[in-house]
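Report on the structure
Each chain, written out:
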Amino acid sequence: MTTLLDLFKTMEYGPAPESPSAVNAWLEEHGRKFGQFINNEWVTPKAAKYYSSFNPSTGELLAETAQAEKKDVDAAIAAARTAFETWSETPGVVRARYMYAIARNIQKHHRLLAVLESMDNGKPIRESRDVDVPLLARHFYYYAGWAQLMETELRDYQPVGVIGQIIPWNFPLMMLAWKIAPAIAMGNTVVLKPASYTRLSALLFAEVVAEAGLPPGVVNIITGSGKAGEMIVTHPDVDKIAFTGSTEIGRTLRRLTAGTGKKLSLELGGKGPVVVFEDADLDAAVEGVVDAIWFNQGQVCCAGSRLIVQENVAPRFIQKLKTRMGHLRVGDSLDKSIDMGAIVDKSQWDTVDYWVKMGEKEGGKVFQPDITLPTKGLFYKPTLITDLDPAASTVQEEIFGPVLVSLTFRTPEEAIALANNTRYGLGGSVWSDNINLALDAASKIKAGAMWVNCHNAFDAAGGFGGYRESGFGREGGREGLFEYVRPKWMDRPQPDLTTLRLDAATNLPAEKKAWGEHIPSRPARPEAGRANGHGLPPVDRTPKIYIGGKQVRPDGAYTLSVVGAKGKLVGQVGDGNRKDIRNAVEAAHAVIEAKQGWAMRHGYNRSQILYFIAENLDARNAEFVKRIVEMTGRTQKSAQAEVDAAVERLFTYAAWADKYGGNIQETTLRGITVAVNEPVGVIGIACPDEYPLLGFVSLMAPAIARGNTVVMIPSQRFPLSATDFYQVLDTSDVPGGVVNIVTGDRDHLTKTLVQHEDVDAVWYFGSAEGSYWVEYESAANMKRTWVGYGLPRDWMDREQGEGHEFLHEATQVKNIWVPTGE
Ligand code: NDP
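Below or above, wherever it landed, is the structure these notes cover. (Residues numbered from 1 in each chain as written. Predicted model: local features only at pLDDT ≥ 70, side-chain atom pairs only at ≥ 80, totals over all residues. Heavy atoms only, no water.)

In this section: the environment of Val563. Among the secondary structure elements, Val563 is positioned in strand β23 (residues 559-563). Residue classification places Val563 among the partly exposed positions, given a relative accessible area of 33%. It is 24 Å that separates the C-alpha atoms of Val563 and Asn740, two residues lying 177 residues apart in sequence. (Helix = DSSP H or I, 4+ residues; strand = E, 2+ residues; numbered from the N terminus. Buried < 20%, exposed > 50% of the residue type's maximum accessible area, 1.4 Å probe, protein only.)

Structure (structure tokens):
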């Protein structure tokens, strides 16, 4: 028998179990069997197949849930479509009331939701009670506010329509909140599919929503496998897909939605760095690592799973960490005094174990503390692997479990290089008592969320989302709203892809056709050689392309003839190829990464340069007008209006160059959360044919104003306005490499851009077919894309041709969280 003296000696906690009785009663009321939740009602499909949900801490069967078939998915989407008609017309102030009621109702059922979440997922009740469910409520309060304000603050926007939402199992309720709250606040309706391992809390949430009086069909929950997820994604009546999950499935969804005009946001995997500098408060940093990697058993997309610690303090730090690991308590998720619960499922447990063994194989030293685990249930010891090579797969791949790998560094530059040595970019933290160093490192690490002296802080008012293969789009904050709205002037794009004859299941063309193939041109037409009218042969002007601030010959030395109005030859341009694009990308990279590179310049400096471009363009106004008339056959007046609009547009972005840097987010953190609108990086831009000068300027200017460097593919039909532009750039102090221009076949050149690993985003304003391929091919490294689907856009119209939409595409939001106080 344990005596009081024994307890004093060990200071061991006893178990402090939370009661599962309310959850069991709820499950029993449903006969431990659930159908689909459509139109605020349980729909039990006849002859449905069922899936069993188990408690990973105990192995007990919790309930069975239906596996959706196509007809269930169709019914849910039809319900959401019908509801959309009225919900989208419901005034924002009324939607706000509903959302407020939902938030209140979540709080009323707080404990029930938390207990169910822990039983279904295996996470500690301490976390579901104190983090997941409070954040669930917080999201509905926060976005109730945006519903209230939409008509004034987002007056140029409308809802997108029916949204398909697919979420993973690690934070079932929190993920659901991140998706549903902004969507319905903006007047959309949703069909959400929870992950198979964790379906139950979404079903309880459905009842909480219905009880709060939300009109039927606004929120529908469908349970089913990945196949059901795919049915939602490929359904023609869905207007947007919001997905959180693995990068692999994210890639599949990018391909399945390519070219359809559906909006897409992807929150994918990560391998977050925790950078500990020598001057950090090491004890605080140890606690930070506990939060970073053992929160939710490390099944966190932004987990700090790569420890990067300064060499001179590394032995001391690792020792402290090992000691701390020895005090972590792993046990039943309903025990209030545990630190870590169970792994969600046996297959995930096996994956974690596979990676630990791999770490050992790769030469790592595996440390697991001598702590006891419960005898049954899916528990895994907190694990640290040291002595690995930075290129080891255990260091590069996401393990999604309680496994930390550690590396060391000597200088801050090395720390940043190691932190960025990943294909992901979701979250990370830096630990230092030197504020300058910490903020410098936080701003240089490429990730959507950076925490200074803390990790895994979240709030509805701060957006969350990735760089690179961690996906695109933001959830949370004002920035999260733009995933769920469309400019008012724009209808849902319905691109015409009939010529591609896409297969409904794979979204691939019925016949394999090589996109972007191009045979270089042959000698130009005879008119090219005609005299210039003065009896003399014309002085030959060898067409060039513009790379790194220099006019250079195209690699293949081929040329393209530019045929103007009435079939008259008006000039020649270089016919660029893959090599030219690669050179241009290299030049664009060099100038962005240089020490005082383009992205690092002040907005003031960039604005001065944009004003200078405008000034120099205006000085050659007549020449540009003449060229447009020659090429397009439009009237002098119309061409003049285009040139004037181009000058004005440069002024617009000169204005925006120092006014879109970000803001302070009003999160719940005691401290400062700064949202920085960072440049995306190197952007490849394929320009439209209409308005050869204005189209070019309208796309180039926002990109460079916000610190990106660009590879421009000018209008294929009328490229001479862009080649004339070289001189304007040359005389306007634009550093070489900021704007690179490669003329030629639009799709041929775009293909190289979109397949290029070092291009961060591609904007494409060519055909519907080209738009399809850009989106499809972008899946290879998940680069951001913005395409026109071959649909008309009035570049002369300020609403369509400039403004927030462009700035949004030219930036990615990074939130830096800085706690304050002693
Ligand atoms: P998956 O990508 O396997 O699954 C995510 C969701 O997609 C599940 O609902 C799943 O359904 C569904 N799904 C699976 N296949 C398809 C398909 N072909 N079409 C449509 N839907 C499909 O990820 P996990 O659930 O295993 O979650 C772990 C991953 O999620 C990790 O890589 C993690 O990094 C990432 N993640 C990212 C977050 C972020 O914010 N960036 C947050 C949380 C997790 P089913 O469960 O039925 O298979």
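To continue, consider the pairing of strand β12 (residues 272-276). The element β12 is extensively covered by neighbouring structure, given that 5 of its 5 residues are classed as buried. Residue alternation in β12 divides its side chains into two sets, Gly272, Val274 and Val276 and Pro273 and Val275, and both sets are buried. The sheet contact formed by β12 and strand β13 (residues 304-310) spans 5 bridges and is parallel. The residue of β13 that forms the bridge with Val276 is Val309. Where β12 and strand β17 (residues 427-431) come together, 3 bridges link them in parallel fashion. (Pairing = 2+ DSSP bridges.)

Around the ligand sit 29 residues in total, of which Ile167, Ser196, Ser246, Leu268 and Glu398 are the nearest. At a separation of 3.4 Å, an oxygen atom of the ligand approaches a polar backbone atom of Gly224. Within the backbone of Leu268, an N or O atom sits 2.6 Å from a nitrogen atom of the ligand. In the complex, 87% of the free accessible area of the ligand, which totals 890 Å², lies under the protein chains. Elements with a minimum of two residues in the shell around the ligand: α9 (226-234), β10 (240-244) and α10 (247-257). Residue contributions to the shell around the ligand peak at 3 residues, all from α9. Counted by class, the shell around the ligand contains 15 nonpolar, 10 polar and 4 charged residues. (Near = heavy atom within 4 Å. Polar contact = N/O pair within 3.5 Å; in protein donor to acceptor, adjacent residues only side chain to side chain. Areas by Shrake-Rupley, 256 points an atom, 1.4 Å probe, with all protein chains shown as cover. Nonpolar A, V, L, I, M, F, W, Y, C, P; charged D, E, K, R; others polar.)

The next thing to look at is the side chain of Glu475. Relative to the assigned elements, Glu475 resides in the loop between β19 (471-472) and β20 (485-487). Within the local environment of Glu475, its side chain forms a polar contact with the side chain of Lys179, the two groups lying 2.6 Å apart. Among residues more than four places away in sequence, those in contact with Glu475 are Trp178, Lys179, Thr244, Glu267, Gly462, Gly463, Phe464 and Gly480. (Contact = heavy atoms within 4.5 Å.)

In terms of nonpolar packing, the biggest core is built from 119 residues, with Ile106, Phe140, Ile184, Phe205, Val276, Trp294 and Leu307 touching the most fellow members. Per-element accounting of this core gives the leading share, 12 residues, to helix α6 (residues 125-153). Once residues within four sequence positions are removed from consideration, Phe140 is found in contact with Met99, Ile102, Ala103, Ile106, Ala177, Ile180, Ala181, Ile184 and Phe205. Leu617, Val682, Ile713 and Trp786 belong to the second-largest nonpolar core, a separate cluster that totals 83 residues. (Core = buried A, V, L, I, M, F, W, Y, C linked by side-chain atoms within 4.5 Å.)

For strand β28 (residues 709-713), the buried fraction is high: 5 of the 5 residues fall into the buried class. Neither face of β28 is left uncovered, since the one carrying Thr709, Val711 and Ile713 and the one carrying Val710 and Met712 both have all their residues buried. Relative to β28, strand β27 (residues 682-686) runs parallel, the two sharing 5 bridges. Of the residues in β28, the one forming a bridge with Val682 is Thr709. The parallel pair β27 and β28 is bridged by helix α21 (residues 692-705), and the resulting crossover is right-handed. (Right-handed = clockwise from strand over helix to strand, strands pointing away.)

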